[in-house]
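What follows is each chain in one-letter form.
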Amino acid sequence: MVSRPAGRPRDAEAWGRPVKLLLVEDDEKIAATVKRGLEATGFSVELAADGDEGLWRATVGSYDLLILDVMLPGRTGHQLCAELRAADNWTPILMLTAVDGDLDEAEALDTGADDYLTKPFSFPVLVARIRALLRRTAGRGPVPVSVGDLRIDPAQRRVWVGEQERMLTAREFEVLEFLVRRAGQVLSKEEILAGVWDDDFDGDPNIVEVYVLRLRRKLEGPHGRHRIQTVRGAGYRVVDQAG
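Residues numbered from 1 in each chain as written. Predicted model: local features only at pLDDT ≥ 70, side-chain atom pairs only at ≥ 80, totals over all residues. Heavy atoms only, no water.

**Q** Got a sec to walk through the sheet that holds strand S6 (residues 145-147)? Specific residues and values, please.
**A** Taken together, 4 strands build an open sheet; the order of strands is S6-S7-S8-S9 and the sheet is antiparallel. The sheet is open, and its two borders are formed by S6 and strand S9 (164-166), each paired with just one other strand. Looking at each pair of strands side by side, their axes are set apart by 25° on average, direction ignored. With 4 bridges connecting them, strand S7 (residues 150-153) and strand S8 (residues 158-161) associate as antiparallel partners. (Pairing = 2+ DSSP bridges. Helix = DSSP H or I, 4+ residues; strand = E, 2+ residues; numbered from the N terminus. Axes fitted to C-alpha atoms, helices over the stretch in contact; angles between N-to-C directions.)

Set out below in structure tokens:
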């Protein structure tokens, strides 16, 4: 059963824009109910009724997350997911699998899905999974990103300042990537913790300060200007030193 939630929309407010989802589901009733509920929660939702349409929309459109049913006319959810990953489309994917479908769940992960949810599901759980997946995968992908002379390659987990490679620990890289993907935006400690650390992290939020300090030491530019700026009372942001 899918039940709609109560409460005001908040996801567009958290992201500063509507979060765009593609739902590929052939059951019209389920698709319509889920779409209404997600839109009431603040998401922007487009529908595709089969795997072929889903592949077309996912290829030509730009989405923050894809929700794929496994059993679809045309291409199955597994085939759709595998084709997107083979085409270097790394949009986060949440797969909807059959009840007690251990093989469905295993194949979903094997073909490149980021998470799965077993039918029937409650709407609050669906929304929680979507939010968690967006936090974990926001902005991540194999495409290198540059801010000024700072360049990161997520696929190889390597970082350069100009022509010089800088060696970072795994966590340092994750913090830097999270900031670089949102260059110019001010990100609070809470946002960085939610985006980089596990959901069950219950340590000192000041751990973010520790990693920012480490990154500054490794990435420091000329004249003492920080690539990672502190915005007092608000958080941190990455800037182009030449700007």
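Moving on from the coordinates now.
**Q** Describe helix H4 (residues 77-86), with residues and values.
**A** Among the residues of H4, those classed as buried are Gly77, His78, Leu80, Cys81, Leu84 and Arg85. Each buried residue of H4 lies within a common arc of 165° when the element is viewed along its axis, so the set occupies one face. Directly after H4, the chain includes aspartate 88, whose backbone phi takes a positive value near 65°. (Buried < 20%, exposed > 50% of the residue type's maximum accessible area, 1.4 Å probe, protein only. Arc of directions from axis to C-beta.)

**Q** Describe in detail the side chain of threonine 111, supporting the description with residues and values.
**A** As for its placement among the helices and strands, threonine 111 is situated in the loop between helix H5 (102-110) and strand S5 (115-118). With near-sequence residues (within four places) excluded, threonine 111 lies in contact with His78, Cys81, Ala82, Arg85 and Met95. (Contact = heavy atoms within 4.5 Å.)

**Q** Describe in detail the sheet that holds strand S2 (residues 43-48), supporting the description with residues and values.
**A** With parallel pairing, the 5 strands of this open sheet are ordered in space as S2-S1-S3-S4-S5. On the outer flanks of this sheet lie S2 and S5, each paired with one strand and no other. Each strand of the sheet is rotated relative to its neighbour by a mean of 20°, with strand direction disregarded. Where strand S1 (residues 19-24) lies against strand S3 (residues 65-69), 4 bridges are found, and the strand directions are parallel. Bridging across to S3, leucine 21 finds its partner in leucine 65. Sitting on the sheet, helix H3 (residues 51-60) touches S1, S2 and S3, and the angle it makes with S2 is about 135°. The strands that H4 touches are S1, S3 and strand S4 (93-97); relative to S4, the one it contacts most, it runs at about 165°.

**Q** Kindly report on the pairing of S4, identifying the contributing residues and their values.
**A** For S4, the tally of buried residues reaches 5 of 5 residues, placing the bulk of the element in the interior. Going residue by residue along S4, you find Ile93, Met95 and Thr97 tucked away on one face and Leu94 and Leu96 tucked away on the opposite face as well. Here S3 runs beside S4; their pairing, made up of 4 bridges, is parallel. Residue aspartate 69 lies in a different strand from S4, and its bridge partner there is leucine 96. Once the chain exits S3 it traverses H4 before rejoining the sheet at S4, and the crossover so formed is right-handed. (Right-handed = clockwise from strand over helix to strand, strands pointing away.)

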